[in-house]
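Inside the fold
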Amino acid sequence: MAYCSNCGSEIASDAAACAKCQTEQTSIPSTISAESQARFPPSQILAGVWIAAAIGLMIFLGSTVWLLVPSIVASLWPLLRNLRLSAWVDRQEERMVAAATRAQEKTGKIAHYFSRPLYRGFLWIWRKTEPIADLHVRTGVRVGSILYFGSTMLFLAALVGYVVVALVIVAAALWFALWLAGHMISGKPIEFGRDKEDEPTGSSWYSLGRAQPARSRPTTDFLGDPKTDLLDKNGKKIGEMRPTTDFLGDPKENVFDSNGRKIGERRPDRDFLGDPVTSEHNAEGQKVGESRPSTDWLGDPVEEHYSTDGEKVGESQPDTDPLGNPEVRHTWKKKSASG
């Protein structure tokens, strides 16, 4: 009776290894070169030398530590030459392909400018390193390249974020300077508050001051950007809605009154059952109601509007104007005398 050289299990005297170890060995990719069969192949020696040199450089040049860490981590694979660890990394391509597919399906700005290029770069590195025959060297090159590329992408994303914040601060400072200069030139006293009559009294897009929209019509502004005009029962414009996205790239609609002041937002959402709804928010971002898609008794589509108490306050239904142009007709529940 003999013992397996890998795990120490009892095996037949004429067997090279136990059945379990033979199965594990056959599952490891067969792309290991003849160099890896040597006791101390050159790649292993070079990896050890580089790790020692990099640690020495880190001691004397502390400012470059973040540049050397990925290469030290990558050198561990050709140094240790652990078959299971190298094979595990070698099988990660499917996960990267799945992640790249998910990023491709998203439509936000983060996915467009960060996630898609990130995973495309990972896959490009993976496929360009495929010709490297030695499994451990190939794995180390992939790990190091991906760490450097990913770190660069994160650095660029942080840099863009800092630039955006700086631009916002500069714009706010410029606006304040112009506002202050205007008051000084006009001689008006500087007031940091507004009278109550200047405050938007509407709590949502369907409560624009004392008026409520009777119809809304899709149109475009002078730049060709889409918007929706809100009209009262006499056809007078009392507000508008403009599609946009938040800082995460998620879609929303900003609502403005006739003076161009933002009074609310509309955001696609889902209720606790997973059904689609539209959350209605005021200018401060507080939820004041929601709108739910439905159908009337004839099966025609309508959008029902509810307050935060769950009370139905109105509904909207697609319609056309006398010229056949599309618009939406709004009907509202009359407010009580006490409200």
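Scroll up for the structure.
The following paragraphs examine the structure supplied in this document. (Residues numbered from 1 in each chain as written. Predicted model: local features only at pLDDT ≥ 70, side-chain atom pairs only at ≥ 80, totals over all residues. Heavy atoms only, no water.)

Some thoughts on the overall build of the chain
Stated formally: Think of it this way: any DSSP run of H or I at least four residues long counts as a helix, any run of E at least two long counts as a strand, and we number them from the N terminus. A simple rule labels every residue: compare its accessible area, found with a 1.4 Å probe on the protein chains alone, to the largest value its type can have, and call it buried under 20%, exposed over 50%, or partly exposed in between. The contact criterion used is simple: two residues touch if any of their non-hydrogen atoms lie within 4.5 Å. What sets the accessible areas is the Shrake-Rupley method with a 1.4 Å probe; for residues, cover comes only from the shown protein chains.
Along the chain, the regular secondary structure elements total 7 helices and 12 strands. Of all 339 residues assigned to the chain, the portion counted as buried reaches 32%. Considering only intrachain contacts with a sequence separation of at least 6, the fraction spanning at least 24 residues in the chain is 35%. With the model as given, the accessible surface of the chain reaches about 22,400 Å², and the carbon-plus-sulfur share is 61%.

Describing the sheet that holds strand β10 (residues 301–307)
How we decide: Any two strands are treated as partners once DSSP identifies two or more bridges connecting them. Axis lines are fitted to C-alpha atoms, over the contacting stretch for helices. Their N-to-C directions set the angle, which ranges from 0 to 180 degrees.
Sheet architecture is closed into a barrel: 10 strands sit in the order β3-β4-β5-β6-β7-β8-β9-β10-β11-β12, paired in antiparallel fashion. With strand direction ignored, the average angle separating the axes of adjacent strands in the sheet is 25°. Examined bridge by bridge, strand β3 (residues 215–220) and strand β12 (residues 326–332) share 2 bridges and lie antiparallel to one another. Residue pairing in the sheet places Arg215 in a bridge with Arg329 of β12.

Structural notes on the pattern of salt bridges
Put simply, the rule reads: For this document, the term salt bridge refers to a Lys or Arg side-chain nitrogen within 4 Å of an Asp or Glu carboxyl oxygen.
Per the stated rule, a full pass over the model turns up 28 salt bridges. We note a salt bridge from Arg142 to Asp90, for which the minimum N-O separation is 2.8 Å. A residue pair is termed long-range when its members are at least 10 positions apart, and Arg142 in helix α7 (residues 135–186) and Asp90 in helix α4 (residues 83–90) qualify at 52 residues. Note that Glu265 and Arg267 form a salt bridge whose closest N and O atoms lie 3.1 Å from each other. A relative accessible area of 9% means that Glu265 is categorised as buried. With a relative accessible area of 24%, Arg267 lands in the partly exposed category. One salt-bridge network, in which partners are shared between bridges, spans Asp221, Lys227, Asp229, Lys237, Glu240 and Arg242.

A look at the packing of aromatic side chains
Just so we agree on the cut-off: Aromatic pairs are defined between Phe, Tyr and Trp rings, using the six-membered ring for Trp, whenever the two ring centres lie within 6.5 Å; interplanar angles under 30 degrees are classed as stacked, those over 60 as edge-to-face, and all others as tilted. Throughout this description, the term charge over a ring refers to an Arg CZ or Lys NZ atom that lies within 6 Å of the ring centre and within 35 degrees of the ring normal.
Evaluation of the coordinates by the stated rule reveals 4 aromatic pairs. Aromatic pair Phe176 and Trp179: ring centres 5.7 Å apart, planes at 35°, arrangement tilted. One end of the pair, Phe176, and the other, Trp179, are both in helix α7, 3 residues apart, so they sit about a helical turn from each other. On the basis of relative accessible area, Phe176 is assigned to the partly exposed category, the value being 37%. Joined through ring pairs, the aromatic side chains of Tyr119, Phe122 and Phe149 make up one cluster. Stacked on the ring of Tyr306, the Lys or Arg Arg292 has its end atom at 4.2 Å from the ring centre.

What to know about the pairing of strand β11 (residues 312–320)
Here β10 pairs with β11 via 4 bridges, running antiparallel. Across the sheet, the residue bridging to His305 is Gly314, located in β11. With 7 bridges joining them, β11 and β12 adopt antiparallel strand pairing. From the neighbouring strand, Glu315 faces β12, where its bridge partner is Thr331. The loop that links β11 with its antiparallel partner β12 comprises 5 residues; one of these, Gly324, has a positive phi angle of about 85°.

By themselves these figures say nothing about function.
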